[in-house]
Amino acid sequence: MTALLSFRDVWVEYGDKVVLERVTLDVEQGSFVSVVGPSGAGKSTFLRLILGQEGPSHGQILMDGTPLTPECGPDRGVVFQRYSVFPHLTALQNVVFALECEQSPLLGKLFGRARRDAIAKATEMLGAVGLEHNLQVYPAQMSGGMQQRLAIAQALIKHPRVLLLDEPFGALDPGIRLDMHGLVTRLWREHGLTIVMVTHDIKEAFKLGTRVLTFDKRRIDPHAPNRYGATAVYDIAVKRKDGDVAAVLAE
Ligand SMILES: Nc1ncnc2c1ncn2[C@@H]1O[C@H](COP(=O)(O)OP(=O)(O)O)[C@@H](O)[C@H]1O
Ligand SMILES: [Mg+2]
């Protein structure tokens, strides 16, 4: 079976600074990959590579067996820790705008029946993330958890093959974080998503992931700290029973 994503000896260098080296791994369709590692280990860089925001300095990244196109396509959605949503648009407008950009890339606007369809789809997606009563609310009037729900709706409305999450719950209170764990687990199952999530919380990584990747440097040159890059030093499959998922959903 072809993996959804394949990294083949991928390196990322900025000038003489090596950030990632020798990254070779596959991401299977339907998996939930958690990525952990120290600050500066290239975790966000790894997500930007999948997103197509930047290309590798060496090596190859394949999606479904073909080289990844170097722009952010609708097959990849992303949620950052903060600032993923547009502050001047309401919740509904944010999600509709995501569809407008996809379906009408030049104008960024839909009209008539297409617009009514977009509004209906966006309303349904906002319901799926629990924002059905906040359609006309602006991000500034929302809590951090609500803003992340909106960002997830905005990413999912385009039905991406891969959902990328970069420390999405890091700024949230513990109780809200639990709610978000349940939400993401439910969406992952119901939409058959493939998720790659960076987190600094090891417990969260193992609780949600079917696999945990640790990025770190294998080698260090004390005289030249930029000489070696990080790579996936550990790659752990998480044994998951159906009851574990039920427990996350019930929390
Ligand atoms: N555009 C860039 N130019 C130069 N260095 C960069 C650039 N982007 C990231 N880096 C460096 O790459 C390293 C990895 O960054 P990042 O992927 O953000 O790490 P992480 O998300 O694991 O904390 C850091 O040392 C950072 O300073
Ligand atoms: Mg980062």
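First, a word on scope: everything that follows refers to the structure included in this document. Here the structure is a predicted model, which is why all the values come from computation and not from measurement.

On to helix α1 (residues 43–51), then. Here α1 lies mainly inside the structure; 7 of its 9 residues are buried. Three or more residues of α1 are buried, namely Lys-43, Thr-45, Phe-46, Leu-47, Leu-49, Ile-50 and Leu-51.

The axes of two packed helices give the description: the angle between them and the distance between them. The geometry of helix α4 (residues 144–156) relative to helix α5 (residues 174–190) is characterised by a closest axis approach of 10 Å and an angle of 15° between their N-to-C directions. The pairing of α4 with α5 is recorded here as roughly parallel in orientation. In terms of crossing hand, the pair formed by α4 and α5 is right-handed. The segment α4 lies against α5, with Gly-145, Gln-148, Arg-149, Ile-152 and Leu-156 engaging Ile-176, Asp-179, Met-180, Leu-183, Val-184 and Leu-187.

Taken together, the neighbourhood of ligand 1 is formed by Tyr-14, Lys-17, Val-19, Pro-38, Ser-39, Gly-40, Ala-41, Gly-42, Lys-43, Ser-44, Thr-45 and Arg-48. A distance of 2.8 Å separates an oxygen atom of ligand 1 from a polar atom in the side chain of Lys-43. The fraction of the free accessible surface of ligand 1 (570 Å²) that becomes covered by protein chains is 61%. For the shell around ligand 1, the secondary structure elements donating two or more residues are β2 (17–27) and α1. Examining the composition of the shell around ligand 1, we find that 4 residues originate from one element, α1, more than from any other. Taken together, the residues that form the shell around ligand 1 break down as 4 nonpolar, 5 polar and 3 charged.

About the thresholds
Residues numbered from 1 in each chain as written. Chains lettered and ligands numbered in written order. Predicted model: local features only at pLDDT ≥ 70, side-chain atom pairs only at ≥ 80, totals over all residues. Heavy atoms only, no water. Buried < 20%, exposed > 50% of the residue type's maximum accessible area, 1.4 Å probe, protein only. Helix = DSSP H or I, 4+ residues; strand = E, 2+ residues; numbered from the N terminus. Axes fitted to C-alpha atoms, helices over the stretch in contact; angles between N-to-C directions. Parallel < 35°, antiparallel > 145°, perpendicular 65-115°, else oblique. Left-handed = near helix turned anticlockwise from the far one by under 90°. Contact = heavy atoms within 4.5 Å. Near = heavy atom within 4 Å. Polar contact = N/O pair within 3.5 Å; in protein donor to acceptor, adjacent residues only side chain to side chain. Areas by Shrake-Rupley, 256 points an atom, 1.4 Å probe, with all protein chains shown as cover. Nonpolar A, V, L, I, M, F, W, Y, C, P; charged D, E, K, R; others polar.

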